[in-house]
Amino acid sequence: MPTETITVTPTPTWVPLKIEGLVPAPYRTPKFNLRVVPLHPTFACELQGVDWSKDVSPELYQEIREIVDKYGVVVCRKTGLTDEAHIKFSANFGDLDDVKPYQKAGRTHRLAYPELFDAGNIDPNTGDVAPLTAAQVIGNKANELFHVDSSFNGRRAGHSLLLAHVLPPPGTGGSTEYADSRTAYDELPDATKKQIEGLVANHSLFHSRKTVMPEYFKDTDPSKLPLSKHKLSQTHEWSGRKNLYIASYVHSIEGLDDAASKALIAELLAHVQQPRYRVTIDWHQPGDMIMWDNTSVMHRATGGSYEGQHRRDMRRTTVKDMSRDKYGLNGDGADWRVGLP
Ligand code: OGA
Ligand code: MN
């Protein structure tokens, strides 16, 4: 377990968002008259008009799902969802993942259900803000790098649904930021598209942890641990659009020497992290939920002055990918999972 001596490499200071181009006008959906309010010129929207106090019917799920497929990030305010209803709604998307690999690695689970991933900063033993030296909080630090959830497992994540339970005071940070990796793919130079076609990236949870905690993980060599293999250039099954599938978990690229691999990863990450592909979403009140598709967008936590000071209780369900690319090149049925305390 990390101790007081752990040093965390500060995450880069990201340039503020400057949206270029027009955000499309809000519109109503055909069947349930839901209101869709786009939040960025190319992706992300707020969805209004769902009655979360009732079970979501298959027809309503279908209409919501079409919006998720198109926008990649969908914000729903004041859902009032309980843990149980959160899990139940999430199951519409497919097979739910759970935190058992993290428990096996020694983490104490604070929440009532293994299907709820703890993205908050609360000490499971005291219920108070976890000290900044706690393993869980340091792990959250790695979430401040742009990533996609669970790309390091044999079967990657499809959708994530993050629900706010307790938020830090306004103005102290804790927003979540997203990047549109489909549009970023579309706007890659033709030569780069050609270069990455067919290339396979190796994803490792340890690589991202090592990036933020180089000292603590100095003896950990991610290449000696399980690597999950996914093509960089993919077709997103649910929209038919191409996607640049990359994350802070990408440790190396198959077939390239170390220098070439590092250079290409850095180039692609710099491209997708340009301000024009990004949108920051503020959490307004408990009950707010953001659902996103890890196979069409990237995301990161943004931190803030609340860290170590105020509680932020965020619970996430994670749906295992249901698409044809769920196992990447890990082999059909690869269901191994990786955990860290
Ligand atoms: C996550 C995550 C970001 C945040 O739950 O997968 O990256 O802002 N969360 O809590
Ligand atoms: Mn995440």
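Conventions adopted
- Residues numbered from 1 in each chain as written.
- Chains lettered and ligands numbered in written order.
- Predicted model: local features only at pLDDT ≥ 70, side-chain atom pairs only at ≥ 80, totals over all residues.
- Heavy atoms only, no water.
- UniProt positions renumbered as here; feature names shortened; annotations may be inferred.
- Axes fitted to C-alpha atoms, helices over the stretch in contact; angles between N-to-C directions.
- Helix = DSSP H or I, 4+ residues; strand = E, 2+ residues; numbered from the N terminus.
- Parallel < 35°, antiparallel > 145°, perpendicular 65-115°, else oblique.
- Contact = heavy atoms within 4.5 Å.
- Nonpolar A, V, L, I, M, F, W, Y, C, P; charged D, E, K, R; others polar.
- Buried < 20%, exposed > 50% of the residue type's maximum accessible area, 1.4 Å probe, protein only.
- Pairing = 2+ DSSP bridges.
- Salt bridge = Lys/Arg side-chain N within 4 Å of Asp/Glu carboxyl O.
- Phe/Tyr/Trp six-rings, centres within 6.5 Å; stacked < 30°, edge-to-face > 60°.
- Lys NZ or Arg CZ within 6 Å of the ring centre and 35° of its normal.
- Donors = N, O, S within 2.8 Å, 3.2 Å for Na, K, Ca; no water.

If you check an unreviewed UniProt entry, the chain appears there as Dichlorophenoxyacetate alpha-ketoglutarate dioxygenase protein from Purpureocillium lilacinum. UniProt, in the comment section headed Sequence similarities (unreviewed entry), describes the chain in these words: "Belongs to the TfdA dioxygenase family."

Peer 1: I'd like a description of the packing of helix H4 (residues 135–142) against helix H7 (residues 205–212), backed by residues and values.
Peer 2: Relative orientation of the contacting elements H4 and H7 amounts to 95°, with a least axis distance of 8 Å. By the angle class used here, H4 and H7 are roughly perpendicular. Judged by residue contacts, Gly 139, Lys 141 and Ala 142 of H4 engage Ser 208, Arg 209 and Val 212 from H7. Grouping the amino acids of the contact of H4 with H7 by side-chain chemistry returns two nonpolar, two polar and two charged.

Peer 1: Outline the UniProt feature "domain: TauD/TfdA-like" (unreviewed entry) in the chain, listing residues and values.
Peer 2: In the numbering used here, UniProt assigns the "domain: TauD/TfdA-like" (unreviewed entry) feature to residues 37–318. Counted over residues 37–318, helix gives 25% and strand 23%. Its end C-alpha atoms are 25 Å apart.

Peer 1: Before we move on, can you summarise the pairing of strand S8 (residues 200–203) with the specific residues and values?
Peer 2: Residues Val 200 and Asn 202 of S8 are buried on one face, and the alternating residues Ala 201 and His 203, pointing to the opposite face, are buried as well. In the sheet, S8 pairs with strand S9 (residues 228–231) via four bridges, with the strands oriented antiparallel. The partner of His 203 across the bridge, within S9, is Ser 228. In this sheet, strand S12 (residues 250–253) lies alongside S8 in antiparallel orientation, the contact comprising three bridges. Considered in S12, the bridge of His 203 is made with Val 250.

Peer 1: Lay out the sheet that holds S9 with the relevant residues and their values.
Peer 2: The strand order S9-S8-S12 describes an open sheet built from three strands, whose pairing is antiparallel. The outermost strands of the open sheet, each flanked by one partner alone, are S9 and S12. Strand after strand, the sheet turns through a mean of 35° between neighbouring axes, direction not considered.

Peer 1: Now, about the sheet that holds strand S13 (residues 278–281): what can you tell me, with residues and values included?
Peer 2: As a general point, the strands of a sheet are linked pairwise by backbone hydrogen bonds and lie either parallel or antiparallel. The three strands lie next to each other as S13-S7-S15, forming an open sheet whose pairing is antiparallel. Only two strands of the sheet have a single partner each, and these edge strands are S13 and strand S15 (297–301). The mean inter-strand angle of the sheet, taken between neighbouring strand axes irrespective of direction, is 25°. Two elements, strand S7 (residues 176–180) and S13, share four bridges in a ladder whose sense is antiparallel. Bridge assignment links Thr 176 to a residue of S13, and that residue is Ile 281.

Peer 1: Explain the pattern of salt bridges to me, and be specific about the residues and the numbers.
Peer 2: A side chain with one charge can pair with a side chain of the opposite charge if their charged atoms come near. All told, the structure shown has 25 salt bridges when counted by the stated rule. Note that Arg 316 is salt-bridged to Asp 149, the shortest N-O span being 3.6 Å. Pair noted here: Arg 316 is in strand S16 (residues 313–320) and Asp 149 is in the loop between H4 and strand S6 (157–166), with a separation of 167 residues, a long-range link. When salt bridges that share partners are traced, they join Asp 83, Arg 110, Asp 118, Asp 313 and Arg 315 into one network.

Peer 1: Tell me about the packing of aromatic side chains, residues and numbers included.
Peer 2: Each pair of aromatic rings is reported with the distance of its centres and the angle of its planes. Under the defined criterion, the tally for this structure stands at eight aromatic pairs. Ring geometry for Phe 89 and Phe 93: centres 5.7 Å apart, planes at 85°, overall edge-to-face. Here the two residues Phe 89 and Phe 93 agree in accessibility, since each one is buried. In this structure, Arg 300 packs its charged tip against the face of Phe 146, placed 5.6 Å from the ring centre. Directly above the ring of Phe 117 sits Arg 316, whose terminal nitrogen or CZ lies 4.7 Å from the centroid.

Peer 1: Mind laying out the coordination of the manganese ion (ligand 2), listing which residues take part and the relevant values?
Peer 2: Each donor-metal-donor angle would ideally measure 109.5 degrees in four-coordinate tetrahedral geometry, or 90 or 180 degrees in six-coordinate octahedral geometry. His 147 (NE2), Asp 149 (OD) and His 299 (NE2) make up the full set of protein donors to the manganese ion (ligand 2), lying at 2.1 to 2.2 Å. As a motif over one chain, the donors of the manganese ion (ligand 2) read H-x1-D-x149-H. Taking the relative accessible area as the measure of exposure, His 147 reaches 2% and is therefore buried. Taking relative accessible area as the criterion, Asp 149 reaches 3% and is therefore assigned buried.

Peer 1: Lay out unusual backbone geometry with the relevant residues and their values.
Peer 2: The phi dihedral of Asn 33 is positive, around 55°, even though this residue is not glycine. Here Asn 33 is to be found in the loop between strand S1 (27–28) and strand S2 (35–38). On the basis of relative accessible area, Asn 33 is assigned to the partly exposed category, the value being 46%. In this structure, Lys 78 is a non-glycine residue whose phi angle is positive, near 45°. By the element assignment, Lys 78 lies in the loop between strand S4 (73–76) and helix H2 (83–90).

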